[in-house]
Amino acid sequence: MKSIVEGMIAGDERSIARAITIIEEEPEIAAHLLKDIFPYTGRAFIIGITGAPGVGKSTLVDKIAERYRREGKKIGIIAVDPSSAFSGGAILGDRVRMQRHNLDSGVFIRSMATRGQMGGLSRFTGDAIDILDAAGKDVIIIETVGVGQDEIDIVSHSDSVVVVLIPGMGDDIQAIKAGILEIADIFAVNKADQPGADRVVSELEYLFTMLTESVLEMPEIIKTEALYDSGIDLLVEAIEKRHQKVIESGLLNEKRMERCENRLVSILRERLLNEAMENVLKDGRYHEYVNAIFVRRIDPYSAVEEIMKGFGRREQKNA
Ligand code: GDP
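Note on numbering: residues in each chain are counted from 1, in written sequence order. Two thresholds apply to this predicted model, a pLDDT of at least 70 for residue-level local features and 80 or more for giving and counting side-chain atom pairs, whereas whole-chain, interface and lining totals are computed over all residues. The side-chain values count all of the structure's non-hydrogen atoms but skip hydrogen atoms and water molecules.

1. Overview of the overall build of the protein chain
Helix numbers and strand numbers start at the N terminus; a helix is a DSSP run of H or I with at least 4 residues, a strand a run of E with at least 2. Within the protein chain, the secondary structure is distributed over 15 helices and 7 strands. For the protein chain, with 319 residues in total, the buried portion stands at 46%. Contacts are residue-level and defined by heavy atoms, with any inter-residue pair within 4.5 Å sufficient. For the protein chain, restricting intrachain contacts to residue pairs at least 6 apart in sequence, the fraction spanning at least 24 positions comes to 76%. Surface accessibility follows the Shrake-Rupley procedure with a 1.4 Å probe radius. Residue values consider only the protein chains on display as shielding. Entry remark: accessible area of the protein chain is about 17300 Å², with carbon and sulfur atoms responsible for 56%. The buried label goes to any residue with under 20% of its type's maximum accessible area, the exposed label to any with over 50%, and the partly exposed label to all in between, with areas taken from a 1.4 Å probe on protein chains only.

Pasting the structure below:
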């Protein structure tokens, strides 16, 4: 354990990989590890990249990573794939992509899949960010498929969010969840080599004039061709410019404070739930409660109150 922490802090890739596996698979050990490394965190710039499947996120992330590498920055990439619990897609993607960066020890890539945890993925993402941050990565990119609330939660770990769109979505843009529009700090209209990119740009601009309650100014919209390595400099420039603004306005600290609160609440929620579940699962009461609710012998609210009372007593006894 001590050697993993030491290795990680020194930026050793195998130690980083091992640490991330620990947070995924061994929650008890993970807590110790995360406590030890916490003092080394809070330094990295965290970029979230989100968009529908196939818009070119992975290609774009590779290119962005390349740009930062040229400046000598160390990069960590976490590709969160909420759908891959079934397809195994993330792991395959990882292998393909790792081949591109495996000669360059400044880039660390890791995919994370849901494996069926509810809400847990967002916490894992936060933990994985801490690990890469403590390991001295200057820029951490979180890439995720932007479809639902979970993905928005994941993106909420970022300092800056890039939403990727493509031409040909036409009127579909109107159907994009407002939530996705609201989290965007920058828009990348990728595949700009294909017809309709300008239309996407003007539709976005129009949409933003409608969102009058937005306190922030209109996000920059950058046309990119990730596959042909075009527009990437402009995109990175826009990301950096925006980041500077967010630092200067004090908004970054506000965002980070909110993130601290979210993490505290999510860890607390999970711990309490786990302990309560353990408590009722141990003596078979869990299934009794489910059955009792089913036959209408007890309502779910009273069941929870009974469980909580028992939980409280056990805690007192242990104290
Ligand atoms: P992701 O699912 O969002 O990560 O998308 P990928 O990065 O895997 O890209 C999906 C497909 O779009 C791949 O075949 C890419 O080669 C292709 N692609 C990515 N960027 C561009 C682009 O700028 N133009 C075109 N024509 N294709 C692109």
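2. Here's the deal with the confidence of the model for the protein chain
Values of pLDDT, ranging from 0 to 100, describe the predictor's confidence in every residue of the model. On average, the protein chain scores 82 in pLDDT, and the residues at 70 or more come to 79%. When mean pLDDT is taken per element in the protein chain, helix 12 (residues 232-248) scores highest with 96 and helix 5 (residues 84-87) scores lowest with 44. In this model residues 84-92 is a low-confidence stretch, pLDDT under 50, and it forms 9 contacts with partners more than four residues away in sequence or in other chains. Note on residues 315-319: pLDDT under 50 across the span, and 1 contact to partners over four residues away in sequence or across chains.

3. Quick look at unusual backbone geometry
Of note, the phi angle at K191 is positive, near 60 degrees, even though the residue is not glycine. Here K191 is to be found in the loop between strand 6 (186-189) and helix 11 (197-210). A positive phi is found at R296, a non-glycine position, where the angle reads about 65 degrees. Secondary-structure assignment places R296 in the loop between helix 14 (285-294) and helix 15 (300-318).

4. Overview of the site of the ligand
The rule for a residue being near a molecule or strand is that one of its heavy atoms must lie within 4 Å of it. Around the ligand, a shell composed of 15 residues is seen, among which G54, K57, S58, T59 and D193 lie nearest. Under the rule applied, a polar contact is a pair of N or O atoms within 3.5 Å (in protein, one hydrogen donor and one hydrogen acceptor; residues adjacent in sequence only if both atoms are side-chain atoms). With respect to the ligand, the backbone of G54 contributes an N or O atom lying 2.8 Å from an oxygen atom. One nitrogen or oxygen atom from the side chain of N190 is found 3.2 Å from a nitrogen atom belonging to the ligand. When the ligand is considered free in solution it has 580 Å² of accessible area, and contact with the protein chains removes 72% of it.

5. Topic: a nonpolar patch on the surface
Nonpolar side chains collect at one region of the surface, where L281, Y286 and V290 lie side by side and expose about 240 Å² of accessible area between them. Structurally, V290 is set in helix 14. What makes V290 partly exposed here is its relative accessible area of 44%. A patch consists of residues whose relative accessible area exceeds 30% and which take part in no salt bridge; residues with like charges are grouped when within 9 Å of each other, and nonpolar side chains (Val, Leu, Ile, Met, Phe, Trp, Tyr) when within 5 Å. Definition used for salt bridges: Asp or Glu carboxyl oxygen within 4 Å of a side-chain nitrogen of Lys or Arg.

6. Some details on helix 13 (residues 251-282)
The end-to-end C-alpha separation of helix 13 is 46 Å, in line with the 46 Å expected for 32 residues at 1.5 Å each. Within the span of helix 13, buried status applies to L252, R259, R263, A276, N279 and V280. G284 occupies a position one or two residues after helix 13 and carries a positive phi of about 75 degrees. Here a helix's expected span is defined as the number of its residues, less one, multiplied by 1.5 Å.

7. Re the pairing of strand 1 (residues 45-51)
Sheet faces and side chains relate simply in a regular strand, where the side chains alternate between the two faces. Burial analysis of strand 1 places 7 of its 7 residues in the buried class, which makes it a mostly covered element. Burial along strand 1 is two-sided: F45, I47, I49 and G51 facing one way and I46, G48 and T50 facing the other are all buried. Sheet topology places strand 1 next to strand 4 (residues 139-145); 7 bridges connect them, and they run parallel. In the sheet register, I49 faces strand 4, and the bridge partner there is E143. Relative to strand 5 (residues 160-165), strand 1 is paired through 5 bridges, and the arrangement is parallel. Bridge pairing in strand 5 links I47 to S160. The pairing criterion is simple: DSSP has to find at least two bridges between the two strands.

8. A word on the environment of P195
As for its position among the elements, P195 is in the loop between strand 6 and helix 11. A relative accessible area of 76% means that P195 is categorised as exposed. Sequence spacing of P195 and P167 is 28 residues, and the spatial spacing of their C-alpha atoms is 6.6 Å. Not counting the four nearest positions on each side in its chain, P195 is found in contact with P167 and G168.

9. Digging into helix 11
For an α-helix the count is 3.6 residues per turn, leaving residues at separations of three or four pointing the same way. The terminal C-alpha atoms of helix 11, which comprises 14 residues, lie 20 Å apart, in line with the 20 Å expected from a rise of 1.5 Å per residue. Those residues of helix 11 lying buried are A197, V200, V201, E203, L204, L207 and F208. Down the axis of helix 11, the buried set is contained in an arc of 165 degrees. They therefore lie on one face. Across helix 11 from its buried face, at more than 90 degrees, point the exposed residues D198 and T209. Note that the arc is defined by the directions from the helix axis to the C-beta atoms.

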